[in-house]
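Inside the fold
Chain by chain, the residues run as shown.
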Amino acid sequence: MKSKLNTVRLDAWDLRILSELQADGRISKSELAKRVHLSASACSDRLRILETAGAIEGYYARLSASLIGGVIFVMVEVVLDRHRIEDQRHFEAAILDFPEILDCWAIGGRVDYLMRVAVPSLAAYQEFMERLLQVGLGIDQYYSLVVTKSIKSNSPIPLSALRER
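Fair warning: this is a prediction, and the values are worked out from it, not measured in the lab.

Glancing now at the packing of aromatic side chains. One pass over the full model with this rule turns up three aromatic pairs. Seen in terms of ring centroids, Tyr125 and Phe128 are 6.3 Å apart; in terms of plane orientation they differ by 35 degrees. Their pairing is tilted. Separated by three residues within a single helix, Tyr125 and Phe128 lie in helix α6 (residues 122-134), roughly one turn from each other. By relative accessible area, Tyr125 is classed as buried at 6%. In this structure an aromatic cluster arises from ring pairing among Phe98, Tyr125 and Phe128. The ring of Trp13 has Arg16 sitting right over it, with the charged end atom 4.7 Å from the ring centre.

So this is what it looks like as structure tokens:
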């Protein structure tokens, strides 16, 4: 799906709004307007445009895996056996049905995809991989990297990366 974001020009006000929302997604519209030094109506209009354009994908709570417990994260590198566009599309569509897959990125280099998977145990991870392989997604090889400690996670996109366009 093509993003509408390419049609939106981000200016300094938009960048301030996006930066504040990354720091606190539960901020009220009036407090957001105050922090970015805009009127409430101007801030609300800009926020609506950013949401409609797809610059803001959603609002959610970041959970603490260490406090809720019982979650193991595994980074999985996937190599497909064929690299035709229809094989890639099939793989990408099918993995959307696996809630254990939190993130999946198509990448360049020695592997085709990098996935972040959350499971309650290594046994559950093995069962997950067996189900994934049985679906017939054209996975030739996969490499599992068990996360032993989170050093930095879910960091906001730095304002410098959200340059004005």
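Next comes the rest of the description.
Turning next to the nonpolar core. Core analysis: the biggest nonpolar cluster contains 20 residues, and Phe91 and Leu132 have the highest contact counts within it. With five residues, α6 is the largest single contributor of residues to this core. Residue contacts for Leu132: discarding those within four places in its chain leaves Ile95, Phe98, Met115, Leu137 and Ile139.

Turning our attention to the side chain of Glu77. Residue placement: Glu77 occurs in strand β1 (residues 72-80). Among the polar contacts made by the side chain of Glu77, one reaches the side chain of Arg110 at a distance of 3.0 Å. Setting aside residues up to four positions removed in sequence, Glu77 forms contacts with Arg110, Val111, Tyr113, Leu114, Gln141, Tyr142, Tyr143 and Leu145.

Moving on, we get to unusual backbone geometry. Even without being a glycine, His37 presents a positive backbone phi close to 65 degrees. The topology assignment puts His37 in the loop between α2 (29-36) and α3 (40-53).

Turning our eyes to something else, we now look at helix α5 (residues 85-94). For α5, every residue scored as buried is listed here: Asp87, Phe91 and Ala94. Buried residues in α5, looked at end-on, bunch into an arc of 75 degrees, giving them a common side. The secondary structure elements touched by the buried residues of α5 are β1, β2 (101-106), β3 (113-119) and β4 (139-146).

An order of β2-β3-β1-β4 is seen for the four strands of this open sheet, with the pairing classed as antiparallel. The open sheet is flanked by β2 and β4, the only strands paired with a single partner. Adjacent strand axes in the sheet meet at a mean angle of 20 degrees, parallel and antiparallel pairs treated alike. Looking at chain direction, β1 and β3 are connected through seven bridges and run antiparallel. Paired with Ile72 across the two strands is Val119, which belongs to β3.

The next subject is the pattern of salt bridges. If you walk through the whole model with that rule in mind, you get 12 salt bridges. For Asp11, the salt bridge identified is with Arg46, shortest N-O distance 2.9 Å. Here the residue Asp11 occupies a position in the segment before α1 (12-23), and Arg46 occupies one in helix α3, the gap between them amounting to 35 residues. Its relative accessible area of 23% is what places Asp11 among the partly exposed residues. Arg46 is the salt-bridge partner of Asp14, the closest N and O atoms lying 2.9 Å from each other. Taken together, the residues span a long stretch of sequence, with Asp14 in helix α1 and Arg46 in helix α3 at a distance of 32 residues. For Asp14, a relative accessible area of 6% gives the class buried. One network of salt bridges, in which partners are shared, links Glu20, Glu31, Lys34 and Arg35.

So, how was this worked out
Residues numbered from 1 in each chain as written. Predicted model: local features only at pLDDT ≥ 70, side-chain atom pairs only at ≥ 80, totals over all residues. Heavy atoms only, no water. Phe/Tyr/Trp six-rings, centres within 6.5 Å; stacked < 30°, edge-to-face > 60°. Helix = DSSP H or I, 4+ residues; strand = E, 2+ residues; numbered from the N terminus. Buried < 20%, exposed > 50% of the residue type's maximum accessible area, 1.4 Å probe, protein only. Lys NZ or Arg CZ within 6 Å of the ring centre and 35° of its normal. Core = buried A, V, L, I, M, F, W, Y, C linked by side-chain atoms within 4.5 Å. Contact = heavy atoms within 4.5 Å. Polar contact = N/O pair within 3.5 Å; in protein donor to acceptor, adjacent residues only side chain to side chain. Arc of directions from axis to C-beta. Pairing = 2+ DSSP bridges. Axes fitted to C-alpha atoms, helices over the stretch in contact; angles between N-to-C directions. Salt bridge = Lys/Arg side-chain N within 4 Å of Asp/Glu carboxyl O.

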